[in-house]
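Notes for the structure review
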Amino acid sequence: MPTWTIKTVVCRLLAPLLLISSLPAWSADNGKDEETIKNAAAVLQAMLDSKAVPASLLVTANCIIVLPGVKKIAVGVGGSGGRGPMTCRTGKNFSGDEWSAPAMYTIGGASAGLQVGATSTDFVLLVMSPSAVNKVLAGKNKVGSDLSAAAGPSGASTTASVSGTDIVSYGHAKGLFAGVSIDGASLEPDSSADQRLYDKSVSARDIVLDNAVKATPAGQSLISLLEKRG
């Protein structure tokens, strides 16, 4: 039998708590959820103002997921976590000019896209086809295996390079937007946040496809921005 000192026992007992404390701290508060959507709108505004995304790409996107302030996680190598809203075009085959109320999503493991030297990175993901939207709405997906993805082209680049791709991704840190790879990241609906925001149990599919809820004030500001620019 090994001889354990009191220090060893304490360290072993505390290790799981230290692991949990190092993970992203997402407060179960709809005020925080509204703040996240407001931050997402600011990120999207910056992306549009930068003209980093070709207009021809933006107008063909079926849905957009904006993940502000995705944080690096101390545990492991290059981990990350964050959350943000997803909104989709209305109309048949996502052909409308209006956008849905947002559903909340979480991202984890987006280490490949985190900007060097940044403590957090904003991500804007363009979901490019109805089949990709269905995958994203169905549940947890891993980018690169369940969903194909490509780093987004710049404003001066052709969009042909991302033709047929499920998701086109951009990252924003230190004032710069650029196409980034998020292969290996996981995307998952955040049903708890949706319940807090809309005060009822509702799925991401019900929110973005079936008009099951009315957008909150922060959600409406995000929608208004897209309807003006997207």
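Residues numbered from 1 in each chain as written. Predicted model: local features only at pLDDT ≥ 70, side-chain atom pairs only at ≥ 80, totals over all residues. Heavy atoms only, no water.

A complete count under the given rule lists one disulfide for this structure. Linked covalently through their sulfurs, cysteine 63 and cysteine 88 form a disulfide whose S-S length is 2.0 Å. Between cysteine 63 and cysteine 88 the sulfur-sulfur dihedral comes to about 105°; the bridge is accordingly right-handed. Within this pair, whereas cysteine 63 is found in strand S1 (residues 63-72), its partner cysteine 88 is found in strand S2 (residues 80-88), the two being separated by 25 residues in sequence. By the burial criterion, cysteine 63 is buried, and cysteine 88 matches it. (Disulfide = S-S within 2.5 Å. Helix = DSSP H or I, 4+ residues; strand = E, 2+ residues; numbered from the N terminus. Buried < 20%, exposed > 50% of the residue type's maximum accessible area, 1.4 Å probe, protein only.)

Applying the stated criterion across every chain yields a total of four salt bridges. Taking the shortest distance from any N to any O, the salt bridge between aspartate 33 and arginine 83 comes out at 4.0 Å. On the criterion of sequence distance, the pair formed by aspartate 33 in helix H2 (residues 30-50) and arginine 83 in strand S2 is long-range, its members being 50 residues apart. Assigned by exposure class, aspartate 33 and arginine 83 land together as buried. Aspartate 33 serves as the salt-bridge partner of arginine 196, at 2.8 Å between the closest nitrogen and oxygen. (Salt bridge = Lys/Arg side-chain N within 4 Å of Asp/Glu carboxyl O.)

This part covers the packing of H2 against helix H5 (residues 191-198). Packing of H2 against H5 leaves a shortest axis separation of 9 Å and a crossing angle of 100°. Classed by the angle they form, the pair H2 and H5 counts as roughly perpendicular. Contact with H2, carried on its side by Asn30, Asp33, Glu34 and Ile37, involves Ala193, Arg196 and Leu197 of H5 and no other residues of that element. Partitioning the contact of H2 with H5 into residue classes produces three nonpolar, one polar and three charged. (Axes fitted to C-alpha atoms, helices over the stretch in contact; angles between N-to-C directions. Parallel < 35°, antiparallel > 145°, perpendicular 65-115°, else oblique. Contact = heavy atoms within 4.5 Å. Nonpolar A, V, L, I, M, F, W, Y, C, P; charged D, E, K, R; others polar.)

Along H5, the positions that sit buried rather than exposed are Ala193, Asp194, Leu197 and Tyr198. The buried residues of H5 occupy an angular sector of 115° when the element is viewed end-on, so they sit on one face. Looking one or two residues past H5, aspartate 199 carries a phi angle of roughly 60°, positive in sign. (Arc of directions from axis to C-beta.)

This part covers the side chain of serine 129. Following the sequence through the fold, serine 129 ends up in the loop between strand S4 (120-127) and helix H4 (130-138). In this structure serine 129 comes out as buried when scored by relative accessible area, which is 18%. Polar contacts involving the side chain of serine 129 include one to the side chain of serine 131, which spans 3.1 Å. Setting aside residues up to four positions removed in sequence, serine 129 forms contacts with Asn62 and Asp166. (Polar contact = N/O pair within 3.5 Å; in protein donor to acceptor, adjacent residues only side chain to side chain.)

Locating glycine 152 in the fold gives a position in the loop between strand S6 (149-151) and strand S7 (167-173). For the pair glycine 152 and alanine 178, spaced 26 residues apart in sequence, the C-alpha separation works out to 7.3 Å. For glycine 152, the residues in contact, after removing those within four places along its chain, are Val168, Ser169, Tyr170, Gly179 and Val180.

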